[in-house]
Amino acid sequence: MRAVALVENTTKEAGFDTVHGLGVYIETPKHKLLFDLGPDDTIFNNAERLGIGLTEVDAVVVSHGHYDHGGALAKFLDINSKAKIYIRKQAFVPHFARVGGENEFIGLDAGLAENERIVFTDSATEIDELFVFSDVGQSLDTQSRRALLKQTPAGYEQDDFDHEQSLIVTAEGSPDGRAVLFSGCSHSGVSGILSAARKYRPGVSAVFGGFHLFNPNTGVYEPDEFIDGLAEELAADPAVFYTCHCTGDKAFERMRGTMGEKLQYFSVGVSVEL
Ligand SMILES: [Fe+2]
Ligand SMILES: [Fe+2]
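Engineer: Requested: an account of the coordination of the iron ion (ligand 1), with residues and values cited.
Structural biologist: For the iron ion (ligand 1), the full set of protein donor atoms is His 64 (NE2), His 66 (ND1) and His 187 (NE2), and the range of their distances to it is 2.1 to 2.3 Å. Each donor residue of the iron ion (ligand 1) lies on one chain, and together they are spaced H-x1-H-x120-H. The metal-metal distance between the iron ion (ligand 1) and the iron ion (ligand 2) is 3.4 Å. Residue His 64 is found in the loop between strand E4 (59–61) and helix H2 (67–70), and its partner His 187 is found in the loop between strand E14 (179–183) and helix H5 (190–200); the two are separated by 123 residues along the sequence. A single burial state applies to His 64 and to His 187, both of which are buried.

Below is the structure:
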């Protein structure tokens, strides 16, 4: 299988678009899929430059109901006529970020929930060698997470991220059950998500995703002790980690000091064979 970063905040190569968001193209023996789409036209422009045909994509997994992961969904449904979209029903609940005393909408277009190609996932959904799960059963209390809200009939509430899901792709024919985990922003915490993933697929040997270690609206990072603790935990894990997006440059550099080559940056244009 192969994973290519189509949408991310940064790139090391000239000619690509970059934006705050995430979108990954994944090729498996049976599927051409996208894990998240990013917020805008970035995914279409970068896919074209890389020669990746998005009309051939047959499945899309949207990790959670934030615009920087699913904002491009309406246009994707226009240009692609066959892909099913696997998403949590709760992803279409209005989501907000607290920015300077105001609640700023950061959710998805709720009208798209009616689209006939949308498939609402259960807490665990299997699609051939793809497996999507959301029952992490653990939650984080960080300053970057506390700034995120959802709107219910009772008003604004702290987001509990029941709309977040992650994807595991099992390498076909792998004798040791080797599998790769994709997590969007890891709002539920990357270590909790990884533990939950291993209950389903013990052979997870690579992890892709943002670790949400800073608040993109304020630029404030989680405390150094928190970042260092996570780095030590992941350094002791057998998996390799490809991170990006809401991990933030400073947290990446700090964690890299502890994790070395076990932590890689997954910027636009990077392609990883697994
Ligand atoms: Fe998010
Ligand atoms: Fe994000």
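Engineer: Help me get a handle on the sheet that holds strand E3 (residues 32–37), residues and values and all.
Structural biologist: Spatial strand order, E8-E5-E4-E3-E2-E1-E18: seven strands in an open sheet with mixed pairing. Each end of this open sheet is capped by a strand with a single partner; those strands are strand E8 (118–120) and strand E18 (271–273). Strand-to-strand, the axes of this sheet are offset by a mean angle of 20°, without reference to chain direction. In the sheet, E3 pairs with E4 via three bridges, with the strands oriented parallel. From the neighbouring strand, Leu 33 faces E4, where its bridge partner is Ala 59. Sitting on the sheet, helix H1 (residues 42–50) touches strand E1 (2–7) and E3, and the angle it makes with E1 is about 130°.

Engineer: Can you explain the environment of Ala 154? Please cite residues and give values.
Structural biologist: Secondary-structure assignment places Ala 154 in the loop between strand E11 (148–152) and strand E12 (155–158). Residue Ala 154 is classed as exposed on the basis of its relative accessible area of 72%. Along the chain, Ala 154 and Ala 14 lie 140 residues apart, while their C-alpha atoms are 48 Å from each other.

Engineer: Which residues make up the side chain of Thr 121, and what are the values?
Structural biologist: As for its placement among the helices and strands, Thr 121 is situated in the loop between E8 and strand E9 (124–127). Of note is the side chain of Thr 121, whose polar atom sits 2.6 Å from the side chain of Gln 165. Not counting residues up to four positions away in its chain, the partners in contact with Thr 121 are Tyr 86, Ile 87, Arg 88, Val 132 and Gln 165.

Engineer: Give a detailed account of the pairing of E11, specifying residues and quantitative values.
Structural biologist: One face of the sheet, then the other: side chains in a regular strand alternate in exactly this way. The buried fraction of E11 amounts to four of the five residues, a majority that puts the element mostly inside the structure. Where strand E6 (residues 95–99) meets E11, three bridges bridge the pair, whose relative direction is antiparallel. What sits directly across from Ala 97, in E11, is Leu 148. Note that E11 and E12 share four bridges and pair antiparallel. Its bridge partner being in E12, Leu 149 is matched across the sheet by Gln 158.

Cut-offs and rules
Along every chain, residues carry numbers that run from 1 in the direction the sequence is written. Just so you know, chain letters begin at A and ligand numbers begin at 1, following the order they were written in. Under the rules for a predicted model, residues below a pLDDT of 70 receive no local features and side-chain atom pairs below 80 are neither given nor counted, while totals for whole chains, interfaces and linings still include all residues. Neither water nor hydrogens contribute to the side-chain values; these are computed over all heavy atoms in the structure. Ligating atoms shown are N, O and S within 2.8 Å of the metal, or 3.2 Å for Na, K and Ca, and water is not included, meaning a site may look less than complete. Only DSSP runs of H or I covering at least 4 residues are called helices, and only runs of E covering at least 2 are called strands; the numbering of each starts at the N terminus. When a residue's accessible area, from a 1.4 Å probe over protein chains only, is under 20% of the maximum for its type it is buried; when over 50% it is exposed; and in between it is partly exposed. In this description, strands pair whenever DSSP reports at least two bridges between them. Simply put, an axis is a line fit to the C-alpha atoms, just over the touching stretch for a helix, and the angle between two N-to-C directions goes from 0 to 180 degrees. By definition in these notes, contact holds between two residues if any of their heavy atoms fall within 4.5 Å. Polar contacts, as used here, are pairs of N or O atoms within 3.5 Å; protein pairs need one atom able to donate a hydrogen and one able to accept it. Residues neighboring in sequence count only if both atoms are side-chain atoms.

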